[in-house]
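Coordinates in review
Residue-level listing of the chains:
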Amino acid sequence: MFTTLIRFRAQQANGDQRVSFWVEAEGEDLPDANDEPLALNDGPLTALAQMKSDPAVPSDVVEKAGDCLYGGILTHANAQAALNRTLNAPKDAAGRQIKLEIPALASDTQNLPWELLHDQAAGFLEVDCRVPVVRAVAPKNNARGPNGVLGADGLRIFSVIAAHNVDGRGEWRAIRKAVEAFGHPFRLLVLTSDAALKDEIAAYAGGRGDDWITVEAVPDNGAALVGRLGKFAPHISHFFCHGRATGGGYLEIANAGMDFGGGPITLMPVDLEDALPSSAWLVLLNACSGAEADAEAGTSPLAFKLVREGVPVVVGMREEVPSNIVARFTAAFLGDALATIGQLLNANAAAPLDLSKSLTTARNRICEAYGEAQPAPPPEIAKRVKEWSLPVMSVRLDGFEVSPLAKQGGDAPDRMTIADLASELKTLRRMREMMDAMLTDDQKQQIDGRIAAVEQDIVNLAVG
């Protein structure tokens, strides 16, 4: 492993918050070193916040912000050794990435643009060095994560394309391109508020000659939408809509009622936390502020909350990104992510799901999109626009494994048995979470033991 792990700690003292950090190199013992206070020069970061990207105009604002963040990390005694180990590792080496574990209390630190980390000699870690920068989140106790087993009906993808007054055709075409290249069974359910887009998707689905793609109108209310999401139990969930960071974050999803003066459906964190963690491997929040903390209220981003509840990978936007650029990002990220999942399925063995390189690929695609009308390569465009850094990937600190349903050529497992076990597992996890304060230690051990046994039974059935 060639991962550099940067852990932050937040402490309150006399009404003020003190944030410190330390650096680890996963798989290697570094000398003991004390925490360092996080002390950054606000000037470059303020200039970045005020910047309006223009790919035609040379600028050093983005680069200086990245230098500021990187220099702040280098103040820790172990940082240089850990980062050099990551940067100098082979580009295809497993775990070659930077992980930042930022606690919920440190909302200001969560909002910093860490994805811009820039070494003056090597360049931007993401764009120039192809080193993914991701946020790592420790799941809460008894988080309801998915089991990682792929059912016989294939990968289930749930997409909501419903951003009021924003054309969603680019998102649909990006998703269509990704699933067309997947090469494995899948089920795609699209909910949209755009009647014309609904007709376009229905015509495409009908022309395929199979039932792998279904399109429906966005329901009239949030309960119906969450119910549809829960019933479908997707492995991948994609939301193209408006979003807000206020009070812990929420999504605003357009429906037909908005054409008659009604308001959007509002999905709060609790709605998604209830519906997604038991099945979703990946959640893609193409909505403003899905990865932005509400610093004034001291609340974490929606993406952070979903990973803490058990979703293995969540990608959200720290700020608004133009819809045409988002579509290019979706096509690159989802296409590469599905290719990665396809490779894991072909291997016929449980393996870690790491989509960080898919994010790096998509960041570079954003640079290419901005540079299409400019005679400048992506590394130069990366200095002139900040939008490539706005997608934020949050992942479970403890990782996540995917297991194919059955070995090729083997007998198909008993799907009914797996379904029954999955249902029992969901019930046990929910009971463990909701009754934690009322259970004795012995009862907790018994339930935890049964959860582990059911998980192992599912894996045994799935991999034959």
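Attention here is on the structure that accompanies the text. Please read all numbers here as calculations on a predicted model, not as lab measurements.

Taken as a whole and assessed by the stated rule, the structure comprises nine aromatic pairs. When the ring of phenylalanine 8 is compared with that of phenylalanine 21, the centres are 5.8 Å apart and the planes differ by 35°; the resulting orientation is tilted. Residue phenylalanine 8 is found in strand 1 (residues 3–13), and its partner phenylalanine 21 is found in strand 2 (residues 16–25); the two are separated by 13 residues along the sequence. Residue class for phenylalanine 8 comes out buried when judged on its relative accessible area of 6%. The buried category is assigned to phenylalanine 21, whose relative accessible area is 0%. Following the ring pairs from residue to residue traces out a cluster consisting of Phe8, Phe21 and Trp114. The lysine or arginine in question, arginine 176, covers the ring of tyrosine 204, its NZ or CZ lying 5.4 Å from the ring centre.

A separate point is the nonpolar core. In this structure, Phe8, Trp114 and Trp388 are the most contacted members of the largest nonpolar core, which totals 94 residues. Looking at which element gives the most residues to this core, the answer is helix 10 (residues 323–347), with 11 residues. In this structure tryptophan 114 touches Phe8, Leu38, Leu40, Leu69, Ile73, Leu100, Ile102, Thr109, Val133 and Arg135, once residues within four positions along its chain are discounted.

Attention shifts here to the packing of helix 5 (residues 169–180) against helix 10. Geometry of a packed helix pair, given as the angle between the helix axes and the separation of the axes. One way to put it is that helix 5 packs onto helix 10 with a least axis distance of 8 Å and a crossing angle of 20°. Viewed along their axes, helix 5 and helix 10 adopt a mutual orientation that is roughly parallel. Once helix 5 is placed against helix 10, the crossing between them reads as right-handed. Mapping the contact onto sequence places Gly170, Glu171, Ala174, Ile175, Ala178 and Val179 in helix 5 and Val326, Ala327, Thr330, Ala331, Leu334, Gly335 and Leu338 in helix 10. Class assignment of the residues belonging to the contact of helix 5 with helix 10 gives a composition of nine nonpolar, three polar and one charged.

The next thing to look at is the sheet that holds strand 13 (residues 250–253). Within the open sheet, the three strands sit side by side as 12-13-14. Their pairing is antiparallel. The open sheet terminates on both sides in strands that have one partner only, identified here as strand 12 (242–244) and strand 14 (265–267). Within the sheet, the average angular offset between the axes of one strand and its neighbour, ignoring direction, is 25°. When strand 13 meets strand 14, the two strands line up antiparallel, connected through three bridges. Across the sheet, the residue bridging to isoleucine 253 is isoleucine 265, located in strand 14. Helix 7 (residues 222–232) contacts strand 13 and strand 14 of the sheet and is inclined by roughly 55° relative to strand 14.

Here we take up the sheet that holds strand 16 (residues 313–317). An order of 3-2-1-4-7-18-16-15-11-8-9-10 is seen for the 12 strands of this open sheet, with the pairing classed as mixed. Bordering the open sheet on either side are strand 3 (36–37) and strand 10 (213–217), each of which pairs with just one other strand. The pairing of strand 4 (residues 97–101) with strand 7 (residues 133–137) spans three bridges and is classified as parallel. Of the residues in strand 7, the one forming a bridge with leucine 100 is arginine 135. Strands in contact with helix 5 are strand 8 (155–161), strand 9 (186–192), strand 11 (236–240) and strand 15 (282–286); relative to strand 8, the strand with the most contacts, it is inclined by about 170°.

Parameters at a glance
Residues numbered from 1 in each chain as written. Predicted model: local features only at pLDDT ≥ 70, side-chain atom pairs only at ≥ 80, totals over all residues. Heavy atoms only, no water. Phe/Tyr/Trp six-rings, centres within 6.5 Å; stacked < 30°, edge-to-face > 60°. Helix = DSSP H or I, 4+ residues; strand = E, 2+ residues; numbered from the N terminus. Buried < 20%, exposed > 50% of the residue type's maximum accessible area, 1.4 Å probe, protein only. Lys NZ or Arg CZ within 6 Å of the ring centre and 35° of its normal. Core = buried A, V, L, I, M, F, W, Y, C linked by side-chain atoms within 4.5 Å. Contact = heavy atoms within 4.5 Å. Axes fitted to C-alpha atoms, helices over the stretch in contact; angles between N-to-C directions. Parallel < 35°, antiparallel > 145°, perpendicular 65-115°, else oblique. Left-handed = near helix turned anticlockwise from the far one by under 90°. Nonpolar A, V, L, I, M, F, W, Y, C, P; charged D, E, K, R; others polar. Pairing = 2+ DSSP bridges.

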